[in-house]
Amino acid sequence: MATSRIPASDAASEGVEAIVSGFERLGYIADRSLATALYLVTKLRKPILVEGHAGLGKTEVAKVLAAFLGTRLIRLQCYEGLDVSSAVYEWNYQKQLLAIKIEEGSDKTVEEKEKHIFSREFLLERPLLQSILVEDASPVLLIDEIDRADEAFEAFLLELLSDYQITIPEMGTLHAKHVPYVVLTSNRSRELGDALKRRCLYQWIDYPNLEKEMKIVRTRLPGIEEELARQVVGYVQSVRGLNLSKPPGIAETLDCAEALLALGTLRLDEEAMEQTLGCISKSVEDSAKIKAAGRGFAP
Ligand SMILES: Nc1ncnc2c1ncn2[C@@H]1O[C@H](COP(=O)(O)OP(=O)(O)O)[C@@H](O)[C@H]1O
Ligand SMILES: [Mg+2]
């Protein structure tokens, strides 16, 4: 039986196209699949989980999305042990103590004093709370490297992402005035929970092919000669095939190309490779493997 495919509406493909071209103007080369996923983020208002190896443009997606939408970026960098007081809010104890002292002689009732010291004036708003309290327009909330936070934090996030509200016992429940666009990134150092994944749209970012990486290098470094760009990209793409512990990402390609420009190198010969090895390899073992294979890479 022939399968029929319903074509995407004109408005949708125009929307996706606008993301591809708008991102390119902002210096980011987005595949159609990523642009489609981001289009859906803006339409369905679902969070997106962007996974991939390091240095492939995951964090940058959120930054460029905020610039593209003309809105604020609020970033939560995750790490092991990240807790509510760093991610959501904390009371400013010193300021509260000071206020209690100042109000000692006042004729306010205890309830009034309590209400005062547990008001927003004494709240240290961390990224997740900030994203809910933005007054004017939906911000982009970047929850970066969620795989580094522990599972308890992931469970807490799940709650936030389902109803965009935060309960502070002393103040009650605060609802988002404008639901944020949420971008979660993960380097996949651990598998995330199914519940979180189910709540999100998913996008895997892979190593770019030669054509895409050339376009990225020439967009980010417009001063580079095409031939040198081609040599750098070809070299880094070959290095990725060496079974390294940390294969170089796009960030490393850009670093290497930038270093060559700074050194005034016109051709990526063996000497230039040696000089820029530290840009693409971050361990002594990987450097040894690259050097051993090195002769074969010289153009
Ligand atoms: N598709 C792309 N277009 C333009 N620049 C890119 C692209 N992908 C990655 N980069 C650049 O590579 C670098 C690393 O990106 P980053 O978002 O920090 O990677 P990740 O978060 O995946 O580790 C940044 O300078 C970013 O601008
Ligand atoms: Mg990142």
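These figures come from a predicted structure and were not determined experimentally. (Residues numbered from 1 in each chain as written. Chains lettered and ligands numbered in written order. Predicted model: local features only at pLDDT ≥ 70, side-chain atom pairs only at ≥ 80, totals over all residues. Heavy atoms only, no water.)

Colleague: I'm lost on the site of ligand 1 in this one. Help?
Modeller: Near ligand 1, the surroundings consist of 16 residues, among which Ile-29, Gly-55, Lys-58, Thr-59 and Arg-220 are the closest. Contact distances for ligand 1 include 2.7 Å between an oxygen atom and a backbone N or O atom of Gly-55. A distance of 2.7 Å separates an oxygen atom of ligand 1 from a polar atom in the side chain of Lys-58. Alone, ligand 1 offers 560 Å² of accessible surface; in the complex the protein occludes 86% of this. Breaking the shell around ligand 1 down by element, the ones donating at least two residues are helix H3 (58-69), helix H10 (210-220) and helix H12 (250-263). Looking at the shell around ligand 1, its residues break down into eight nonpolar, five polar and three charged. (Near = heavy atom within 4 Å. Polar contact = N/O pair within 3.5 Å; in protein donor to acceptor, adjacent residues only side chain to side chain. Areas by Shrake-Rupley, 256 points an atom, 1.4 Å probe, with all protein chains shown as cover. Helix = DSSP H or I, 4+ residues; strand = E, 2+ residues; numbered from the N terminus. Nonpolar A, V, L, I, M, F, W, Y, C, P; charged D, E, K, R; others polar.)

Colleague: Help me understand a negative patch on the surface, please; the structure alone is not making it clear to me.
Modeller: Negative charge collects at one region of the surface, where Asp-107, Glu-111, Glu-112, Glu-114 and Glu-170 lie side by side. Mapped onto the secondary structure, Glu-170 falls in the loop between strand S6 (165-168) and strand S7 (172-175). When its relative accessible area of 39% is taken as the criterion, Glu-170 is described as partly exposed. (Patch = residues over 30% accessible without salt bridge, like charges linked within 9 Å, V, L, I, M, F, W, Y side chains within 5 Å. Salt bridge = Lys/Arg side-chain N within 4 Å of Asp/Glu carboxyl O. Lys, Arg positive; Asp, Glu negative; His and termini not counted. Charge placed at Lys NZ, Arg CZ, Asp CG, Glu CD. Buried < 20%, exposed > 50% of the residue type's maximum accessible area, 1.4 Å probe, protein only.)

Colleague: In this structure, what is going on with the pairing of S7? I would like to understand it.
Modeller: In this sheet, S7 lies alongside S6 in antiparallel orientation, the contact comprising four bridges. The partner of Ile-166 across the bridge, within S7, is Leu-174. Once S6 ends, the chain turns through three residues before running back antiparallel as S7. (Pairing = 2+ DSSP bridges.)

Colleague: What's the story with the sheet that holds strand S2 (residues 73-77) in this structure? I'm lost.
Modeller: What holds strands together in a sheet is hydrogen bonding between their backbones, with the strands either parallel or antiparallel. Spatial strand order, S2-S5-S8-S1-S9: five strands in an open sheet with parallel pairing. Unpaired on one side and paired on the other, S2 and strand S9 (201-205) mark the two borders of the sheet. Averaged over all pairs of adjacent strands, the angle between their axes in this sheet comes to 20°, without regard to strand direction. Strand direction decides the pairing type here: S2 and strand S5 (residues 140-144), joined by five bridges, are parallel. Opposite Leu-73, over in S5, you have Val-140 as the bridge partner. Each of strand S1 (48-52), strand S8 (181-186) and S9 is contacted by helix H2 (residues 32-44), which is oriented at about 155° to S9, the strand it contacts most. (Axes fitted to C-alpha atoms, helices over the stretch in contact; angles between N-to-C directions. Contact = heavy atoms within 4.5 Å.)

Colleague: Is there a simple way to explain the environment of Gly-70 in this structure?
Modeller: In this fold, Gly-70 is placed in the loop between H3 and S2. In the structure, Gly-70 is positioned 68 residues away from Ser-138 in sequence and 10.0 Å away in space, judged by C-alpha atoms.

Colleague: I would appreciate a short explanation of the environment of Leu-82 in the present structure.
Modeller: Position of Leu-82 among the secondary structure elements: in the loop between S2 and helix H4 (84-87). Among the residues examined, Leu-82 registers a relative accessible area of 5% and is labelled buried. When the C-alpha positions of Leu-82 and Asp-144 are compared, they lie 12 Å apart, and in sequence the two are 62 residues distant. Contact partners of Leu-82, with chain neighbours within four places excluded, come to Leu-76, Gln-77, Ala-87 and Phe-153.

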